[in-house]
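Descriptive analysis of the structure
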Amino acid sequence: AFWEGNYDVAESHLRDISSLPSAKQPKLTTIYLTFFSGILAFHRYRQSQAEKDLRLGMDAICKFEFWLKFSPSNFENKLFLLNAEQTSLLDIEEAKKHYEASIKSARDNGRVHEQGLANELMGKTFSTVANKSAYAIECLKKARICYLQWGAMKKAASIREKYGLDMNDINSHRNPLKHARDS
């Protein structure tokens, strides 16, 4: 549901999962529960300005700061993305640095789906900023390419349809999976 943009359904699923006793929650589930809960909390905060949503997002950031110490390759891009979402509430140019760091970390660690998510969220954020619509479209095109490479054809199609992206743009971009060291 989250990947399809159905945030209400995603929140319902997260509530269901979080109601399980912690012993029954796989560790991986806890990580993604925290990650998506943080992103959703910042999304809700943009709409409602409810302090509880901001606190939930900040709690997710704190957990990822702690987990980062144990496995940077697993948590770095997620922490950068959570920081980007939080920072985008106040300083769009600073947020851009976090989005770009998340994209680079996800790419360098082989997480093409999370690279796509970072591009998508950056595109959504910049689509709301005056004179940044062309940049937003470029981010969304990159997100679409990542989703295609991940094999998420429906997600890639939904990005194309929702934002009216040209079907012929896919071959006009460098491979977003290419590591900086290969350039």
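Up top you'll find the structure we're talking about.
A quick note: this is a predicted structure, and the numbers were derived from the prediction, not measured. (Residues numbered from 1 in each chain as written. Predicted model: local features only at pLDDT ≥ 70, side-chain atom pairs only at ≥ 80, totals over all residues. Heavy atoms only, no water.)

Points about the overall build of the protein chain
Broken down by element type, the protein chain carries 8 helices and 0 strands. Mapped from its N terminus to its C terminus, the protein chain presents α and β elements in the order α-α-α-α-α-α-α-α. Counting over 183 residues, the protein chain shows a buried share of 43%. Counting only contacts in the protein chain whose residues sit at least 6 apart along the sequence, the fraction spanning at least 24 positions is 56%. Surface summary for the protein chain: the accessible area is close to 9,900 Å², and the carbon and sulfur share equals 54%. (Helix = DSSP H or I, 4+ residues; strand = E, 2+ residues; numbered from the N terminus. Buried < 20%, exposed > 50% of the residue type's maximum accessible area, 1.4 Å probe, protein only. Contact = heavy atoms within 4.5 Å. Areas by Shrake-Rupley, 256 points an atom, 1.4 Å probe, with all protein chains shown as cover.)

Examining the nonpolar core
Inside soluble globular proteins, nonpolar side chains tend to come together where they are buried. Judged by nonpolar contacts, the single largest core of 39 residues is most densely connected at Phe-2, Phe-35, Ile-39, Phe-64, Leu-81, Leu-82 and Leu-117. Sort the elements by how many residues they give to this core and helix α2 (residues 27-48) lands first, with 8 residues. Leave out the neighbours within four places in its chain, and Leu-81 touches Phe-35, Ile-39, Tyr-99, Ser-102, Leu-117, Ala-118 and Leu-121. (Core = buried A, V, L, I, M, F, W, Y, C linked by side-chain atoms within 4.5 Å.)

Re the environment of Leu-82
Inspection of the secondary structure assignment puts Leu-82 in helix α4 (residues 72-87). For Leu-82, the residues in contact, after removing those within four places along its chain, are Phe-35, Gly-38, Ile-39, Phe-42, Ala-60, Ile-61 and Phe-64.

Considerations on the pattern of salt bridges
Tallied over the full model, the rule gives 12 salt bridges. The salt bridge partner of Glu-120 is Lys-155, with a shortest N-O separation of 3.1 Å. Note that Glu-120 is positioned in helix α6 (residues 112-127) and Lys-155 in helix α8 (residues 153-163), a separation of 35 residues in sequence. Of the residues examined, Glu-120 reaches a relative accessible area of 5% and is grouped as buried. Residue class for Lys-155 comes out buried when judged on its relative accessible area of 11%. Each of Glu-11, Arg-44 and Asp-53 takes part in salt bridges that share partners, so that together they form one network. (Salt bridge = Lys/Arg side-chain N within 4 Å of Asp/Glu carboxyl O.)

Comments concerning the packing of aromatic side chains
Counted under the stated rule, the structure contains 10 aromatic pairs. Judged by centre distance (5.2 Å) and plane angle (50 degrees), the ring pair of Phe-35 and Phe-36 falls under tilted. A relative accessible area of 1% means that Phe-35 is categorised as buried. When the ring of Phe-35 is compared with that of Phe-64, the centres are 6.0 Å apart and the planes differ by 65 degrees; the resulting orientation is edge-to-face. Taken together, the residues span a long stretch of sequence, with Phe-35 in helix α2 and Phe-64 in helix α3 (residues 51-68) at a distance of 29 residues. (Phe/Tyr/Trp six-rings, centres within 6.5 Å; stacked < 30°, edge-to-face > 60°.)

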